[in-house]
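Architecture and fold: a report
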Amino acid sequence: MIRRASLVIVGALLGATAMSVVYSAGVPAQAAGSSTYRELSIFGDVFERVRAQYVTPPDEQKLIEAAINGMLSSLDPHSSYMNAKDAADMRTQTKGEFGGLGIEVTMENELVKVITPIDDTPAAKAGVLAGDFISEIDGKPVRGLKLEDAVEKMRGAINTPIKLTILRKGADKPLDITVVRDVIAVRAVKSRVEGGDVGYLRVISFTEKTYDDLEKAIKKIKAEVPADKLKGYVLDLRLNPGGLLDQAINVSDAFLERGEVVSTRGRNPEETRRFNAGPGDLTDGKPVIVLVNGGSASASEIVAGALQDLKRATVVGTRSFGKGSVQTIIPLGDAGALRLTTALYYTPSGKSIQGTGIKPDIKVEQPLPADLQGKIRPEGESSLRGHIQGQSETEEGSGSAAYVPPEAKDDVQLNYALDLMRGNKTDPSFPPQPDKAAAAIKP
């Protein structure tokens, strides 16, 4: 029985957060009032009591980190403190490359199952195959480990070896394969041609490589399909948890010739920033359909919102996660960092999706298979404890089920989009009418 359906690339970060990120060296803090310093003095007294008198000697560093995180978690679910390891992991994730093996894995029957080895990576070269089960890592059993823990053991510095004990169907005994870790570049965009006439672009996350990967994918599709045969593009943002704000802007710009992509508004009016698209539509104006579901969050919602508001694309699927906040990463001492919510972002029409999400132009539900019914429930920003209340948030909230079938033939949302693109289905929302966008956009 599969305990976790989502895939993890060994060496990459697990649990990518649904956030847009900008980097900052910090801003000068205003002095706190005298009562605040009195409370801090009480905190110091409590810390000393715990350190000196708790029944077992506590880890002082963990005490401090817990206290800091307690303060930040009282603000909203996305503000947090990152120690040196967490901060390094976050930088690895946003960079889009890491030291690892190059295999996509999941957990099945308490073993790590290889979904696929990535081409031209150490794992593929060493002979690891799709369907292999990893039972031991450097001689230690995998059973009893969480998937995250097993992946952590397989990550590591480049040029360092790791021994995998593999159970393979058809082999009469376990196989020991030694793999030497190397730099693995994670593809942020996967692409293919559907039915010979529609370009399919799946943006997995928004890392430093996303725009470059998207540009290469579009060029590859153009090279495979003549312009007069290419009906358009499906941009799949489902299960995309977000990432870098600048990459969300660049990806939106790839489909636009002009117009505001997004604005961010902080605590003070002078902190408002607007980001606009420049000339140069990489798709040459071909029709675009964007797919979203409850797993589309943050940066992916910026893209969907921009293309929807500017009438450049039709959004198909179910309501997105609804994370409309921006986190600033502020470096701290000893290589740690503070992730602090500093702004909310707004779509070109001036709408905040915080707690509401992107509502698709055409709602298409994806049925759950029998073995997952009752196990996947709709979740969104509005269901997170302590989330920032959105200005347009209602009791309906945000989010929807986050499920995409592994096989394209079972993907109702994708096939609906393909039928729209080919004219087998019609809807007033497709194709959108750009001339009506100006009336909907606020100055």
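Along each chain, numbering runs from 1 in the same order as the chain's sequence is written. Per-residue local features of the predicted model are confined to residues with pLDDT of at least 70, and side-chain atom pairs are confined, for both listing and counting, to 80 or more; whole-chain, interface and lining totals are unaffected and use all residues. Only hydrogens and water are set aside; all other atoms, that is, all heavy atoms of the structure, feed into the side-chain values.

As annotated in an unreviewed UniProt entry, the protein carries the name S41 family peptidase and is attributed to Rhizobium oryzicola.

1. Side note on the environment of Ser320
Heads up, the condition is: Under the scheme used here, helices are H or I runs from DSSP no shorter than 4 residues and strands are E runs no shorter than 2 residues, and both carry numbers assigned from the N terminus. Type-normalised accessible area, obtained with a 1.4 Å probe on protein chains alone, sets the label of each residue: buried when under 20%, exposed when over 50%, and partly exposed for intermediate values. Contacts between residues were defined by any pair of non-hydrogen atoms, one from each residue, lying within 4.5 Å. Pairs of N or O atoms within 3.5 Å make up the polar contacts considered here, provided that, within protein, one atom can donate a hydrogen while the other can accept it, and that residues adjacent in sequence are counted only when both atoms are side-chain atoms.
Topologically, Ser320 is positioned in the loop between strand 19 (314-317) and strand 20 (325-331). Classification of Ser320 by relative accessible area gives buried; the value is 0%. Taking the C-alpha atoms as reference points, Ser320 and Gly294, separated by 26 residues in sequence, lie 4.5 Å from one another. In contact with Ser320, not counting residues within four places along its chain, are Asn293, Gly294, Ser296, Glu301, Gly357, Ile358, Ser398 and Gly399. Within the local environment of Ser320, its side chain forms a polar contact with the backbone nitrogen of Ile358, the two atoms lying 2.6 Å apart.

2. A look at the packing of helix 1 (residues 34-53) against helix 2 (residues 60-73)
The cut-off we apply is this: To get an axis, fit a line to the C-alpha atoms, keeping to the stretch in contact for a helix; angles then go from 0 to 180 degrees between the N-to-C directions. Handedness of a crossing follows from how the near helix is turned relative to the far one, being left-handed for an anticlockwise turn of less than a right angle and right-handed for a clockwise one. Ten residues, namely Ala, Val, Leu, Ile, Met, Phe, Trp, Tyr, Cys and Pro, are considered nonpolar, four, namely Asp, Glu, Lys and Arg, are considered charged, and the remaining ones, Gly among them, are considered polar.
For the pair helix 1 and helix 2, the least separation of the axes is 11 Å and the interaxial angle reads 145°. Crossing angle aside, the handedness with which helix 1 passes helix 2 is right-handed. Contacts from Phe43, Phe47, Val50 and Arg51 of helix 1 reach helix 2 at Glu60, Leu63, Ile64 and Ala67. In terms of residue class, the contact of helix 1 with helix 2 is made up of 6 nonpolar, no polar and 2 charged.

3. Quick notes on the side chain of Gln247
As for its placement among the helices and strands, Gln247 is situated in helix 7 (residues 245-253). Owing to a relative accessible area of 7%, Gln247 belongs among the buried residues under this scheme. Non-local contacts of Gln247, meaning those with residues more than four positions away in its chain, are made with Phe206, Thr207, Glu208, Lys209, Thr210 and Tyr211.

4. Some points on the packing of aromatic side chains
Note on aromatic pairs: each is described by the distance of the centres and the angle between the planes. As a reminder of what qualifies: Each Phe, Tyr or Trp ring (for Trp, its six-membered ring) is paired with any other whose centre lies within 6.5 Å, and the angle between the two planes then decides the class: stacked below 30 degrees, edge-to-face above 60, tilted in between. By definition, being over a ring means that NZ of Lys or CZ of Arg is both within 6 Å of the ring centre and within 35 degrees of the ring normal.
Taken as a whole and assessed by the stated rule, the structure comprises 0 aromatic pairs. The lysine or arginine in question, Arg192, covers the ring of Tyr200, its NZ or CZ lying 4.1 Å from the ring centre. Between the NZ or CZ atom of Arg265 and the centre of the ring of Tyr346, over which it lies, the distance is 3.8 Å.

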